[in-house]
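What follows is each chain in one-letter form.
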Amino acid sequence: MAETKQFKAESKRLLDMMINSIYTHKEIFLRELISNASDAIDKLYFKSLTDDQVGMNKSDFAINIIADKDAGTLTITDNGIGMTADELENNLGIIANSGSFKFKNENEKSEDVDIIGQFGVGFYSAFMVAKEVRVRSKAYGSDKAYVWTSCGVDGYTIEEDDKETVGTEIRLTLKDDTENEKYSEYLSDFRIKELVKKYSDYIRFPIKMDVEKSRRKEDAKEDDYSDEAYEKYIENETLNSMVPLWRKNKNELKPEDYNNFYKEKFYDYADPLKYIHSKVEGATTYDSLLFIPSQAPYNFYSKDYEKGLQLYSSGVLIMDKCADLLPDYFSFVRGLVDSADLSLNISREMLQHDHQLKLIAKSIEKSIKSELKKMLNNDRENYEKFWKSFGVQLKFGVYDNYGRDKDAVEDLLLFTSSAEKKLVTLDEYVSRMKEDQKYIYYAAGDSVSKIEALPQTELLRDKGYEILYFTDNVDEFAIKVLMRHGEKEFRNVSEGDLGIDSEEQKEETKKLSEDNKDMLALITESLGGKVKECRISDKLKSHPVCISSFGQISLEMEKILNQNPQNQKVTSEKVLEINPNHKIFAAMQKLFESDKDKFKDYASILYDQALLIEGMQIEDPVEFSNKICSLMAQ
Ligand code: ADP
Ligand code: MG
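Please read these numbers as outputs of a predicted model, since none were measured by experiment.

Rules behind the numbers
- Residues numbered from 1 in each chain as written.
- Chains lettered and ligands numbered in written order.
- Predicted model: local features only at pLDDT ≥ 70, side-chain atom pairs only at ≥ 80, totals over all residues.
- Heavy atoms only, no water.
- Domains from an automatic or database assignment.
- Contact = heavy atoms within 4.5 Å.
- Buried area = accessible area lost by both parts, 1.4 Å probe.
- Salt bridge = Lys/Arg side-chain N within 4 Å of Asp/Glu carboxyl O.
- Polar contact = N/O pair within 3.5 Å; in protein donor to acceptor, adjacent residues only side chain to side chain.
- Helix = DSSP H or I, 4+ residues; strand = E, 2+ residues; numbered from the N terminus.
- Pairing = 2+ DSSP bridges.
- Axes fitted to C-alpha atoms, helices over the stretch in contact; angles between N-to-C directions.
- Near = heavy atom within 4 Å.

**Some thoughts on the domain arrangement of the protein**
For step 1, the next point in the chain: Here the protein is partitioned into domain 1 (9-238), domain 2 (252-379), domain 3 (414-492) and domain 4 (503-633).
For step 2, the next point in the chain: A straight line from the C-alpha centre of domain 3 to that of domain 4 covers 24 Å.
For step 3, the next point in the chain: Taken together, the 15 residues of domain 3 in the interface contact 20 residues of domain 4.
For step 4, the next point in the chain: Here domain 3 meets domain 4 over a buried area of about 1,500 Å², counting both sides, of which 56% is carbon and sulfur.
For step 5, the next point in the chain: Remark: the boundary between domain 3 and domain 4 carries one salt bridge.
For step 6, the next point in the chain: Linking Asp462 and Lys541 is a salt bridge whose minimum nitrogen-to-oxygen distance equals 2.8 Å.
For step 7, the next point in the chain: Run the count over domain 3 and domain 4 and you get six residue pairs in polar contact (both at pLDDT 80 or more).
For step 8, the next point in the chain: Considering every element that reaches the side of domain 3 that touches domain 4, the biggest residue donor is helix α13 (residues 455-462), with five residues.

Below is the structure:
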């Protein structure tokens, strides 16, 4: 008797979940086992193309399903690459999933539905329907075979086996039927056929099963239609059509076909927002099937996420995630490309420099872009849904590589605007600009309501100018790279001159500044280098003060950059602007003449207030509060 080994902790939990699953789609276990068989055959087939030793032709490869109703077992065999003892141990003994499987809350039962639907849980799903799983396997190139057996959480055994042919045989002993669950249904020819059609029709190798059929006996009398006139016989039937979906004609396919294919292949539980099926002929020839998911995968905005499309050469998978086929800003696209122009045994390094691949990538980028444009123009609702999930990625696309690709995505951008607080494109904004409006205005902050409270936005909104509200960290960085849209420059409402004054107003401000020169200088001085300058403001309406910045780094950028503890502290160059029409201005003028100490206190309070309004930290909250209190006590 072989020693029983324990599953690794993570696997044990998954296994436990599978065994006790209340998941309603237990049937997916068959899809998982067939995909594994097909992957294993793919590997050996791929080898056979360059290695005569394999001694197999494409037509030799097959997956077989054997249902034994008497024994209550379902067996799936393949003549693929097989597994060594180590591989049995490592692939089936520990959770195979590449880190995408995270338990959020192990005690939560409802979780199990999501997890199973969302990711392929692979081999372990067999335990949803089986009380025992036995895997006999002989690896290609090895002269020994092994058998792996497990009844679930108690562990598994691995022993030598007498399997003679290369490949793998997986036997499930189905659970006993209960009142609610009829596991024996998975032994019915009809049900198995249905499942193969539904989930595995596109598998490129035949999935075969002995199916019981009936035909008229040769010697049956012409008018005899009784049971005796028929005989049963067994036919080894191929259940799947084997034509990859992307090779089929578009007019043969229904949206459900695409949606199902997407969900099965890319383990999403929601239909894609859009699919793009192209057959391209010309400078390069390829079929492609691309999908825009309806929501971002949970790890999309993390380093773990790997972009890329599956790459096939004449129907044979040569790479699972070919990153070179997708620019970063379209990294959310899933799908595949199949081209006869690519050589099968091309190495990854060679592929990067492959001329054909570059042509294909260019053409794919174009088709994604035009599809998104179409959606933006004709199906705004869906586009906005798309934007919610992936807009940030497009904005990074503007910013990345110092704006190298900004033109590619500029037209696809959306921002919330002050007009109706709806999303607008830059073109839409510009088309609505007032005649006398010089700039495309924007304001940045944590949320729309915080931005609206900014003193600087009041006057602009009063004038009927639209303001773009930047609430994503990347927004302003992207806009700085863009600099302008068409002829129109972007302008931060907190940045210096907003270009809204008439010559007359400018004169007036200039005169006021002259007249109060000494007072403004004393404010600057008393703030001890915290601001570059104190100035008469022309952008305030009801508020007393605001802070503006000049130079490359805005206030919001300062906030964002300093959130990252690794960054060196950066500071924007600040200007304190004071509203000459506010009561406080007259009060300051008076104090400037009568009480310089108090004047300095006021200056410091005004500065801190301006910071607070901007949503920035003040340096010394205690001192600030003391100063206010002593004023209140007067
Ligand atoms: P995944 O298929 O996502 O890698 P699975 O849990 O389905 O995860 O399978 C785990 C691993 O077990 C596979 O990656 C493969 O290495 C191995 N495996 C499973 N079934 C077979 C098979 N029929 N032939 C060869 N290897 C297999
Ligand atoms: Mg699998």
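**With respect to the side chain of Ser48**
For step 1, the next point in the chain: Mapped onto the elements, Ser48 comes out in helix α2 (residues 28-50).
For step 2, the next point in the chain: Side-chain polar atoms of Ser48 contact the backbone oxygen of Tyr45, separated by 2.6 Å.
For step 3, the next point in the chain: Every residue in contact with Ser48, bar those within four places of it in the chain, is listed here: Val54, Met56 and Phe61.

**A short note on the sheet that holds strand β5 (residues 156-161)**
Consider a sheet: its strands pair through backbone hydrogen bonds, and that pairing is either parallel or antiparallel.
For step 1, the next point in the chain: Spatial strand order, β5-β4-β3-β6-β2-β1-β7-β8: eight strands in an open sheet with mixed pairing. Of all the strands in the sheet, just β5 and β8 (230-238) have a single pairing partner and so form its edges. Here the strands of the sheet are splayed against their neighbours by 20° on average, with no regard to which way each runs.
For step 2, the next point in the chain: Note: strand β1 (residues 63-68) against strand β2 (residues 73-78), six bridges, orientation antiparallel. Counterpart to Ile65 in the pairing with β2 is Ile76.

**A closer look at the environment of Lys43**
For step 1, the next point in the chain: Looking at the element boundaries, Lys43 is found in helix α2.
For step 2, the next point in the chain: The sequence separation of Lys43 and Val398 amounts to 355 residues, and the corresponding C-alpha distance is 40 Å.

**As for the site of ligand 1**
For step 1, the next point in the chain: In the vicinity of ligand 1 there are 11 residues, among which Asn36, Asp78, Asn91, Gly122 and Phe123 approach most closely.
For step 2, the next point in the chain: Note that an oxygen atom of ligand 1 is positioned 2.8 Å from one of the side-chain N or O atoms of Asn36.
For step 3, the next point in the chain: The side chain of Asp78 places a nitrogen or oxygen atom 2.9 Å from a nitrogen atom of ligand 1.
For step 4, the next point in the chain: Mapped by element, the contributors of at least two residues to the shell around ligand 1 are α2 and α3 (85-93).

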